[in-house]
Amino acid sequence: TASFLRQRFDQAGIRPVTRYGQNFLTDLNLVELLARTGNVEKRDVVLEVGTGTGGLTNLIAPDAAHVVTVEIDPQLFVLAREELRDRDNVTMLKVDALRNKNNFSREVLDAIAEQLAVDSQRRLKLVANLPYNIATPVISNLMRTEFTPAAMSVTIQKELGDRIVAAPNNKDYGALSAWLQSQCRVELVRVMPPQVFWPRPKVHSAIVYIETDLARRQAIPDLDFWHAFGRGAFLHRRKFLRSCLLSAYKGQLDKPTVDQIMQSQQIEANARTEQLSVPRLLALCEAVREAVQKPTAT
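I will try to describe carefully the structure that is included in this document. (Residues numbered from 1 in each chain as written. Predicted model: local features only at pLDDT ≥ 70, side-chain atom pairs only at ≥ 80, totals over all residues. Heavy atoms only, no water.)

## Points about the packing of aromatic side chains
No. 1: If you walk through the whole model with that rule in mind, you get four aromatic pairs.
No. 2: Geometrically, the ring pair formed by Tyr173 and Phe234 is edge-to-face, given 5.6 Å between the ring centres and 85° between the ring planes. Here the residue Tyr173 occupies a position in the loop between α7 (158-165) and α8 (175-181), and Phe234 occupies one in the loop between α10 (223-233) and α11 (241-248), the gap between them amounting to 61 residues. (Phe/Tyr/Trp six-rings, centres within 6.5 Å; stacked < 30°, edge-to-face > 60°. Helix = DSSP H or I, 4+ residues; strand = E, 2+ residues; numbered from the N terminus.)

## Focus on the packing of α11 against helix α12 (residues 255-264)
No. 1: Packing of α11 against α12 brings their axes to within 10 Å, and their N-to-C directions diverge by 130°. In this view, α11 runs oblique relative to α12, as classed from their interaxial angle. Two packed elements cross with a definite hand, and for α11 against α12 that hand is right-handed. Residue-level inspection shows Leu241, Arg242, Leu245 and Leu246 of α11 in contact with α12, the latter providing Lys255, Val258, Asp259 and Met262.
No. 2: For the contact of α11 with α12, the residue count by class is five nonpolar, no polar and three charged. (Axes fitted to C-alpha atoms, helices over the stretch in contact; angles between N-to-C directions. Parallel < 35°, antiparallel > 145°, perpendicular 65-115°, else oblique. Left-handed = near helix turned anticlockwise from the far one by under 90°. Contact = heavy atoms within 4.5 Å. Nonpolar A, V, L, I, M, F, W, Y, C, P; charged D, E, K, R; others polar.)

## Focus: the sheet that holds strand β2 (residues 44-49)
No. 1: Here we have seven strands laid out as an open sheet, ordered β4-β3-β2-β7-β8-β11-β9, and mixed in their pairing. On the outer flanks of this sheet lie β4 (90-93) and β9 (184-192), each paired with one strand and no other. Each neighbouring strand pair of the sheet contributes to a mean axis angle of 20°, computed without reference to strand direction.
No. 2: Pairing between strand β8 (residues 151-157) and strand β11 (residues 205-212): seven bridges, direction antiparallel. When the bridges of β11 are listed, Ala151 appears paired with Glu211.
No. 3: Here α7 sits on the sheet and contacts β8, β9 and β11; the angle it forms with β8, its principal contact strand, is near 135°. (Pairing = 2+ DSSP bridges.)

If you want it as structure tokens, here you go:
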């Protein structure tokens, strides 16, 4: 609860750190909902980004094979270590979860790899009250690591949740929507007001559940190309798709080739990226990939 956290922080002589995006979920019913939504099982290696005081970790650990929990704040790390000292299936890391905005820390990935290697039946899940300032790169980049998560259950800013579940022809529909929906089933589970956090953020939050669909993921021929394609196609939202493609593949595709690709996909010349469904974007991406990677005649 908020009163417990304030007391605990006062005893330790510390305060929440704004630059780390620290907003602690103080409604215990919602903490339990987040844990239940994760549906953690004995074969699961759970990644938690943002240990905080260890409350969520303590809920997850009894049901998990192992929990790898990451905390960047050294003072919070000490508090959580006291809380979790009796948990022998928890690995605590005092490190930034992200090496940069596009990659996870190698230390985090190595800890996950070590635990997954224990048993071939183990699988990875993300369950976390994510700091707002790193939520997007954590969710997006985890789908690009060598470890495909079976599912992600996270609290994030509602605005980000809206983007994840958005449909075409919606202002929130973008590269992140297409990237995740192409590989996962996504659900906005619960919207949460600012007053269930301490300190209170200025925005609403949401619990979002993302479940990987391996058949969808494996049907994508080149995930790295698809990821880059989506970012390029949605980069200039006010422009027509044709212009976005010409900009993204400048020096690789000329205007006649882009026009030919769009015609082959039955896409109008004045279409905008946000009008296309995920399957149509995937088909267009594959046509672009084939054109870009087509051997040049000698």
